[in-house]
Amino acid sequence: MVTFDFMLPYYGDVQLMQDAVRSVLAQTDPDFRLVVIDDGKEPDVPGWFEALGDDRVHYTRNEQNLGITKNFQKCVRLSEADHVVIMGCDDLLHPHYLETVRGLIADNPGIGMVQPGVEVIDGSGQVAYGLADQTKRRLYAPQVKGRRLMGGEELATSVLRGNWLYFPSICWRGEALRGVNFRDEYSVIQDLALVVDLLELGEQMVIDESTTVFQYRRHAVSESSVQAFSGTRFTEAERYFSAVADRMDARGWPKAARAARFHSASRFHAITMLPGALLRGHREGVRTLAKHAFTAGQRAD
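Residues numbered from 1 in each chain as written. Predicted model: local features only at pLDDT ≥ 70, side-chain atom pairs only at ≥ 80, totals over all residues. Heavy atoms only, no water.

## Focus: the overall build of the protein
- Each helix and strand in the protein was counted, giving twelve helices and nine strands.
- By the compact-globule yardstick of 19 Å for 301 residues, the protein fits well, its C-alpha radius of gyration being 19 Å.
- Viewed in the frame of its principal axes, the protein has a C-alpha envelope of about 55 × 45 × 35 Å.
- Classification of the 301 residues of the protein by burial places 52% in the buried group.
- Nonlocal contacts in the protein, meaning residues at least 24 apart in sequence, comprise 79% of its contacts between residues at least 6 apart. (Helix = DSSP H or I, 4+ residues; strand = E, 2+ residues; numbered from the N terminus. Rg over C-alpha atoms; globule rule 2.2 N^0.38 Å. Buried < 20%, exposed > 50% of the residue type's maximum accessible area, 1.4 Å probe, protein only. Contact = heavy atoms within 4.5 Å.)

Below you can see the structure in the form of structure tokens.
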């Protein structure tokens, strides 16, 4: 039985998806299953997968568009292996990703999550660390030399302060992932919610900075995109941080509760979006962004 699943929820650029698939097939460890769940309608995609002729690759196209969260949930439901990766359809694996992650799992039996070494690339595939990723690394990510095991309130506090994880690169223990899955109510912050849910159940994460094995593609925000400056994503974030702060208090994790209420990285992100919203005269966006940026949540009485 195959013990490792790469789940690939797909929508968008065909060439980038094909490059992602090729990076999976190029693994030095060949013992895996790749499941592609196509949420789009690009005409030549089914034929391309059929022509691969690789029994490890399983392709299915949704009858209708499910959207990000429901397609992620479908990936979790269709996963079968002991360990699962839900990778981005425009990200790339180094050839030794699976070999490296298997070694980390062997050294940490029963580990719930593995965050391997990641480098960030731009739309053209060049290594590029913009402001968001530099902030992640310098202000929010724990300083890890080699490997580190984290969990409980310590890790919850860290990611609620600023989500420095690279979700598509994470390897999940399959049983734990399928037992929780993604929450229906979130479409932007669902990755953070999943990690915190697993931490509340006692799962831990091993963080490995000794070897880079994953390329996370960061696309530039389109300057012409009104949605990028509408602030709607931060409305969802406010709901999440308020709810999870109360949960952290109830659990007896006061540091994590404070981190959730202050959510400094999310607020800083909103600040960086304000100038663009102002320039575009997006009044509602300015109000939403300003509220998120300058108002920290208060503890409920």
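## Topic: helix H3 (residues 68–78)
- Buried within H3 we find Thr-69, Asn-71, Phe-72, Gln-73, Lys-74, Cys-75 and Val-76.
- Tucked inside the fold, the buried residues of H3 contact strand E1 (4–10), strand E2 (33–38), strand E4 (83–86), helix H7 (174–180) and helix H8 (190–200).

## Some remarks on the UniProt feature "domain: Glycosyltransferase 2-like" (unreviewed entry) in the protein
- As recorded in UniProt, the sites labelled "domain: Glycosyltransferase 2-like" (unreviewed entry) are residues 8–120.
- As annotated, residues 8–120 has a helix share of 37% and a strand share of 25%, and its two end C-alpha atoms lie 19 Å apart. (UniProt positions renumbered as here; feature names shortened; annotations may be inferred.)

## Considerations on the domain arrangement of the protein
- Under the domain assignment, the protein is made up of domain 1 (4–224) and domain 2 (225–294).
- Of note, the centres of domain 1 and domain 2, computed from C-alpha atoms alone, are 24 Å apart.
- Opposite the 26 residues of domain 1 that make contact, domain 2 presents 27 residues.
- For the pair domain 1 and domain 2, the two sides together bury roughly 2200 Å², of which 58% comes from carbon and sulfur.
- Area buried by domain 1 at its contact with domain 2 is led by Glu-153, Leu-160 and Glu-200, which between them contribute 30% of it.
- Remark: the boundary between domain 1 and domain 2 carries three salt bridges. (Domains from an automatic or database assignment. Buried area = accessible area lost by both parts, 1.4 Å probe. Salt bridge = Lys/Arg side-chain N within 4 Å of Asp/Glu carboxyl O.)

## Things to note about the pattern of salt bridges
- The tally for this structure, following the rule as stated, stands at 21 salt bridges.
- A salt bridge links Asp-133 to Arg-218; its shortest N-O distance comes to 2.8 Å. Linking Asp-133 in helix H5 (residues 131–140) with Arg-218 in the loop between strand E9 (204–217) and helix H9 (232–251), this pair joins segments that are 85 residues apart in sequence.
- Under the relative-accessibility criterion, Asp-133 is labelled buried at 1%.
- On the basis of relative accessible area, Arg-218 is assigned to the partly exposed category, the value being 29%.
- Arg-173 is paired through a salt bridge with Glu-175; the nearest N and O atoms lie 3.5 Å apart.
- Judged by relative accessible area, Glu-175 falls into the exposed class, the value being 61%.

## Some points on unusual backbone geometry
- Despite not being glycine, Asn-181 shows a phi value in the positive range, around 65°.
- Within the fold, Asn-181 resides in the loop between H7 and H8.
- The backbone of His-263 sits at a positive phi, close to 30°, despite the residue not being glycine.
- For His-263, a relative accessible area of 1% puts it in the buried group.

## A closer look at the side chain of Asp-91
- Position of Asp-91 among the secondary structure elements: in the loop between E4 and strand E5 (92–93).
- At 5.6 Å, Arg-217 is the nearest oppositely charged side chain to Asp-91, a buried residue that forms no salt bridge.
- Among the polar contacts listed, one links the side chain of Asp-91 to the backbone nitrogen of Arg-217, at a separation of 2.8 Å.
- Setting aside residues up to four positions removed in sequence, Asp-91 forms contacts with Ala-20, Ser-23, Pro-168, Phe-214, Gln-215, Tyr-216 and Arg-217. (Lys, Arg positive; Asp, Glu negative; His and termini not counted. Polar contact = N/O pair within 3.5 Å; in protein donor to acceptor, adjacent residues only side chain to side chain.)

## Points about the packing of H5 against helix H11 (residues 264–279)
- As a packed pair, H5 and H11 sit with axes 12 Å apart at the nearest point and diverge in direction by 150°. Classified by the angle between their axes, H5 and H11 sit roughly antiparallel to one another. When the axes of H5 and H11 are compared, the crossing they make is right-handed. Contacts from Leu-131, Thr-135 and Tyr-140 of H5 reach H11 at Ser-264, Ala-265, Phe-268 and Thr-272.
- By residue class, the composition of the contact of H5 with H11 is four nonpolar, three polar and no charged. (Axes fitted to C-alpha atoms, helices over the stretch in contact; angles between N-to-C directions. Parallel < 35°, antiparallel > 145°, perpendicular 65-115°, else oblique. Left-handed = near helix turned anticlockwise from the far one by under 90°. Nonpolar A, V, L, I, M, F, W, Y, C, P; charged D, E, K, R; others polar.)

## Brief notes about the pairing of E9
- For E5 and E9, the ladder comprises two bridges, and the chain directions are antiparallel. Looking at the pairing, Leu-93 lines up with Phe-214 of E9.
- Sheet topology note: the strand E6 (residues 113–121)/E9 ladder contains eight bridges and is parallel. What sits directly across from Glu-119, in E9, is Gln-215.
- Bridge count between strand E7 (residues 147–151) and E9: five bridges; the pairing is antiparallel. Residue pairing across strands places Arg-148 opposite Ile-207, the latter belonging to E9. (Pairing = 2+ DSSP bridges.)

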